Structure formats: C-alpha cells, structure tokens
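Examination of the molecular architecture
In case you want the letters, here they are:
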Amino acid sequence: MTETKSTVLLKHHLATLKLPTIKSECESMAAQCARDNVDHLGYLHRLCERELLDRERKASDRRLKAARFPSIKTLDAFDFSVQPSLNKPMVVDLMRCEYIENRENILLVGNPGAGKTHLATALGVEACAKAKKVRFFRLSELVTQLLEAQEQKALGRMKSQIGKLDLLILDELGYVPASKKGAELLFDIISHAYERTSIVITTNLPFEQWSEVFGCERMTGAAIDRLTHRCHILEASGESYRLKDSQRRRKIERRGDGKASGALPPNPRDLPNEAIPDEAKETGVRKRSGKEDA
C-alpha cells in the first residue's frame, strides 16, 4: 500500500511540475536501472536526459509546423550533379546556420526548376533543428496577407510576429508583380528585417529586373541595398531538375512498353514451334493448305 501510494503521489507531483516523460517512464526506467545495477543518481540522470530529448523533439516538431513549409526537404535529397553551377561547399557551410547568428541574408538565383525552393526549405528545416524560429512564405502569399492585415487593422500584429523570427524565407520573387501598395508593404518588411532577421529569397530574376516586382526604381535599389549588404548569393544556372526528371521517367516508361520503344512483335517463322501461338499455327496451316490446294 505504501509503495502504491508513493507512486501515485510521485506521478501527481511530476504532472504538476510538467514532466510528462519522467512521469510515464519512471517505473520502467527504475526496473531497467535495477537490472543494470545503476545507482540513484544514474537513475535520475537517465530520466532527466529522456525528458530533455523528448522536449527537444517536440519543440522541433512545433517549429517545423509553425514554419509552414510546403513540404519538408533536406540537403541529403538534393542532387548537386544536376546543378553543377551551385557552390556546394558554400551550401554545406550555410547549413551550420552561422549566417543567422550574424544576421546575414541568402539569395538563391536561377532558372525555374533549378532547385532553389528545395535548398531554401532545407536551410529552413536545418534552422528549425537548431532551435531557430522560421517562417516560409511564397512572396505573393506574404503580400496578400499583408494587404489583408492592413484592411483588418492587424498589420502591426503581423509585423510584430515576423519581427520575432530568426529566419524569414521568401520564395518565388518575380513570378507575380506586386501592386503599388503591396510593394510598399513588402519593402517595409525587408527594411524592418535589416540587420535584425535573416532573409532567404529565391528568384528567377536578375537584379536589374527586380523593378518589375517593386514597380519603382528607387524602392528597388533600396531593397537590393539592404538585402545584399551582408549576403551570400547562390546561382543555379543549370537546366530544370523537374524537366530532366520528367524526361527520365518518360524514357523508363518507353523501355517498359514495347510499342512505345519501337520494338516490333517477333515473326512466328523465327520462333520454335512450341513458342508459336495456336492462332498463328492455325493460320500457317491454312496458308500452306491453300497453296497445296492451288
């Protein structure tokens, strides 16, 4: 009775202290430590370590969810052989996330399908793993949300939330030109993040064409000046990875389909008798019979 009462009280205290992993594993860990002949301090150390690891995992999951990546991408899944123009040593070094500590930016420039979004997402996922607050936006999505927040008089709150980030990822700059008001709000975000929050931008436009997005040469110049002040630029000038992958899949499909690959059906005369279909045999018999009758 005493042991049961102690166990109940212990779990109550652990729940009050918000130690759910220790609460759920204290009994099984006690039995394991008894088998391993581990002393009390070793038992406590194992429990605390398990609690910390579980908290870190849950916190990382929460950060990934809050970042709102369209899909989870990692550097291991990126094929550098498709984009040899990319500076792989620089990419690997950036995965250490020191650029975030230094409040530096990253610009990923290249053709559509070159893997820019993949790399930007991989950088964000790695930042989440290193306990950084990250948010991923398609640029058109961010501008739309800023305009809606302004209409609802919630712009200040949204800017405050963005200002608390360690890393802001803006994907697809240049695909959709922003309206005059949208461009002003976007510039305000970039200006506010300057030397406070690191920004990763993917774009298919060279700098001289950024005015198509901001609509004003002066605003464009000011935005580029802030973004490139402390910046790492990665260029992917290779062909579209999606196009190459699609072509590769089509080739595989053609190889698996005799008609698609141009292969002709075998001539029954070239086959051994047991390999000739019954219908072909009958046809051959009729033809021979016809000649003989003739």
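Below you will find a few notes about this structure.

Rules and cut-offs
Residues numbered from 1 in each chain as written. Predicted model: local features only at pLDDT ≥ 70, side-chain atom pairs only at ≥ 80, totals over all residues. Heavy atoms only, no water. Phe/Tyr/Trp six-rings, centres within 6.5 Å; stacked < 30°, edge-to-face > 60°. Helix = DSSP H or I, 4+ residues; strand = E, 2+ residues; numbered from the N terminus. Buried < 20%, exposed > 50% of the residue type's maximum accessible area, 1.4 Å probe, protein only. Lys NZ or Arg CZ within 6 Å of the ring centre and 35° of its normal. Pairing = 2+ DSSP bridges. Axes fitted to C-alpha atoms, helices over the stretch in contact; angles between N-to-C directions. Contact = heavy atoms within 4.5 Å. Parallel < 35°, antiparallel > 145°, perpendicular 65-115°, else oblique. Left-handed = near helix turned anticlockwise from the far one by under 90°. Nonpolar A, V, L, I, M, F, W, Y, C, P; charged D, E, K, R; others polar.

Per the counting criterion, the structure on display carries three aromatic pairs. Note on Phe 69 and Phe 136: the rings are 6.1 Å apart at their centroids and 65° apart in plane angle, and the pair reads as edge-to-face. With Phe 69 in the loop between α3 (40-67) and α4 (88-94) and Phe 136 in strand β2 (residues 134-138), this residue pair connects regions lying 67 residues apart in the sequence. Across the pair, Phe 136 and Phe 69 agree in class, each one buried. It is Arg 135 that lies over the ring of Phe 137; its NZ or CZ is 4.0 Å from the centre.

Pairing is parallel in the open sheet, where five strands are placed in the order β2-β3-β4-β1-β5. Bordering the open sheet on either side are β2 and β5 (231-236), each of which pairs with just one other strand. Shown here is a sheet whose adjacent strand axes are inclined to one another by a mean of 10°, direction ignored. In this sheet, strand β3 (residues 167-173) lies alongside β2 in parallel orientation, the contact comprising five bridges. Bridge pairing in β3 places Arg 138 opposite Asp 171. Packing against the sheet, helix α11 (residues 217-228) makes contact with β1 (105-110), β4 (198-203) and β5, and its axis sits at approximately 115° to β1.

We now examine the environment of Thr 144. Residue placement: Thr 144 occurs in helix α7 (residues 139-151). Along the chain, Thr 144 and Gly 182 lie 38 residues apart, while their C-alpha atoms are 7.5 Å from each other.

Right, let's get into the packing of helix α8 (residues 155-163) against helix α9 (residues 180-193). It is the contact of α8 with α9, at a shortest axis distance of 10 Å, that shows an interaxial angle of 40°. What the angle tells us is that α8 and α9 run oblique. In terms of crossing hand, the pair formed by α8 and α9 is right-handed. Mapping the contact onto sequence places Leu 155, Lys 159, Ile 162 and Gly 163 in α8 and Leu 185, Asp 188, Ile 189 and His 192 in α9. The residue inventory of the contact of α8 with α9, partitioned by class, reads four nonpolar, two polar and two charged.

On to the packing of helix α2 (residues 20-35) against α3, then. Contact geometry of α2 with α3 gives a least axis separation of 9 Å together with a crossing angle of 145°. Here the hand of the crossing between α2 and α3 comes out right-handed. Where α2 abuts α3, its residues Pro 20, Thr 21, Ile 22, Glu 25, Cys 26, Met 29, Ala 30, Gln 32 and Cys 33 lie against Tyr 43, Arg 46, Leu 47, Cys 48, Arg 50, Glu 51 and Asp 54. Across the contact of α2 with α3, the residue classes break down as nine nonpolar, two polar and five charged.

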